[in-house]
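Summary of the model geometry
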Amino acid sequence: MRLSDPRILSALPELGVERIAGASLAERTSLHIGGSTDLLLIRRHSSLPELIALLRGAGIPYKFLGGGTNLLVRDGELPWVVLQLSHQEEEVRLEGNSAYVDAAADLGRTVTFCAKHDLGGMEGLIGVPGTVGGALRMNAGAYGTQIGSYVREVEIYRAADARIETLRQKEISFEYRHTSFAPDDIMLAVKLELPSKPYREILEGIRVCNEKRRSSQPLNQKSAGCIFKNPPGGSAGRMIDELRLKGFSVGDARVSDRHANFFVNAGQASCADMLALIAEVRRRVHATYGIELENEVILWTQ
Ligand code: EPU
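Residues numbered from 1 in each chain as written. Predicted model: local features only at pLDDT ≥ 70, side-chain atom pairs only at ≥ 80, totals over all residues. Heavy atoms only, no water.

Turning our attention to the overall build of the protein chain. Summing up its helical and strand segments, the protein chain has seven helices and 19 strands in all. Relative to its length of 302 residues, the protein chain is compact, with a C-alpha radius of gyration of 20 Å against a globular reference of 19 Å. When its C-alpha atoms are laid out on the principal axes, the protein chain stretches across 55 × 50 × 30 Å. In the protein chain, which comprises 302 residues, the proportion classed as buried is 49%. In the protein chain, the proportion of contacts linking residues at least 24 apart, taken out of those at least 6 apart, comes to 65%. Counting 36 positive and 37 negative side-chain charges, the protein chain places the averaged centre of each group 4 Å from the other. (Helix = DSSP H or I, 4+ residues; strand = E, 2+ residues; numbered from the N terminus. Rg over C-alpha atoms; globule rule 2.2 N^0.38 Å. Buried < 20%, exposed > 50% of the residue type's maximum accessible area, 1.4 Å probe, protein only. Contact = heavy atoms within 4.5 Å. Lys, Arg positive; Asp, Glu negative; His and termini not counted. Charge placed at Lys NZ, Arg CZ, Asp CG, Glu CD.)

As structure tokens, then:
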């Protein structure tokens, strides 16, 4: 979607918003799939309510992009504009055991930054790609760590109230790959409370997790991480593997040879290829195990 309303175009600079016309989502997602649209890069987070009011007033649909690492986007000209927070100069501010982190900050960099200041706990999250905001929304987790365990406060744009609010830990529920945030809430910043730990101990934890991840996941291929959530008490990857579906493909969308719950773009996969692969694998798992796998990957495919 291309913005053409002169009222909106002229308001953007005052709001600290940069418009990238015809931005390719294939270039901004880890699956390297997706069409193009105008992308609005928000430099001043506080202007978000005004920007959204402007878009809503003009009837312009929008979606909010984090790091694009857990996302499958449709091809062609996209029927909505995309909003994204730009990186802030100071992404993390430490105060004792508290870390105040901007939502656009890279999760891995944040873990490392805190580690260097002897703040640990998040070692397991080191290889999880994406932004802190994206990790919060999904309650990202790996190797026994979930980001939600360390959250004390979250600053969000609450779509229902059309304003920026700060939620306390007890007002948010963090479950396995699920949170109580509304789908259109936008994460802006978080306060984490992290345990003190010597840097070299944290580094050792990071090294172990990196090793495990490297040996079991296709890190150098284009993917969105795990496609399906694990069903209660089970493992989507193991079931897909047991069905001998590693290497199974639709066009260039392919079940990874390394980890069966990672689907990779092995070349020029289209969104339709990836959706067909997801549907077929889900069908086969259901036929054999009677389990309906739920997507972990977020779909912008309508
Ligand atoms: N397994 C297989 N074949 C495979 C893949 C896995 O037999 O192709 C078996 C493994 O041998 C193991 C079990 O399945 O016994 C579980 O595998 P793994 O330890 O790789 O963990 P996972 O449950 O598949 C989860 C998260 C990952 C996270 C890892 C490490 C989900 C959906 N996935 O994977 O998160 O990195 O644990 O903690 O919860 C993601 O969220 O995108 C993601 C990759």
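Having seen it, we continue.
Below, the discussion takes up the environment of G144. Looking at where G144 falls in the secondary structure, it is placed in the loop between strand 8 (141-142) and strand 9 (145-146). Under the relative-accessibility criterion, G144 is labelled exposed at 84%. The sequence separation of G144 and I60 amounts to 84 residues, and the corresponding C-alpha distance is 41 Å.

Taking 1.5 Å as the rise per residue, helix 7 (residues 271-289) with 19 residues should run 27 Å; its terminal C-alpha atoms sit 27 Å apart, in good agreement. C271, D273, M274, L277, I278, E280, V281, R282 and V285 are the residues of helix 7 that are buried. Its buried side turned inward, helix 7 meets strand 4 (71-73), helix 6 (236-242), strand 16 (249-250), strand 17 (253-255) and strand 18 (262-265). (Expected span 1.5 Å × (residues − 1).)

On to the site of the ligand, then. For the ligand, the set of nearby residues contains 20 residues, the closest of which are Y143, Y176, N230, R238 and D241. The contact in question runs from an oxygen atom of the ligand to an N or O atom on the backbone of C226, over 2.7 Å. Out of a free accessible area of 830 Å², the ligand has 73% covered by protein chains. A total of three residues in the shell around the ligand trace back to one element, the largest contributor, which is helix 6. Looking at the shell around the ligand, its residues break down into seven nonpolar, seven polar and six charged. (Near = heavy atom within 4 Å. Polar contact = N/O pair within 3.5 Å; in protein donor to acceptor, adjacent residues only side chain to side chain. Areas by Shrake-Rupley, 256 points an atom, 1.4 Å probe, with all protein chains shown as cover. Nonpolar A, V, L, I, M, F, W, Y, C, P; charged D, E, K, R; others polar.)

Regular strands have side chains that alternate between both faces of the sheet. In strand 18, alternate side chains face the same way, and those of F262 and V264 on one face and F263 and N265 on the other are all buried. Sheet topology note: the strand 15 (residues 223-226)/strand 18 ladder contains two bridges and is antiparallel. Its bridge partner lying in strand 18, C226 is registered against F262. In sequence, strand 17 turns back onto strand 18 through a hairpin of six residues. (Pairing = 2+ DSSP bridges.)

A word on the nonpolar core. Among the nonpolar cores identified, the biggest contains 58 residues, and L51, L55, L83, V154 and L192 are the most heavily contacted of them. Apart from the residues within four sequence positions on either side, L51 is in contact with L12, L15, V17, L40, I42 and L83. With 23 residues, the next largest nonpolar core counts A224, M239, C271 and I278 among its residues. (Core = buried A, V, L, I, M, F, W, Y, C linked by side-chain atoms within 4.5 Å.)

What is shown is where atoms sit, not what they do.
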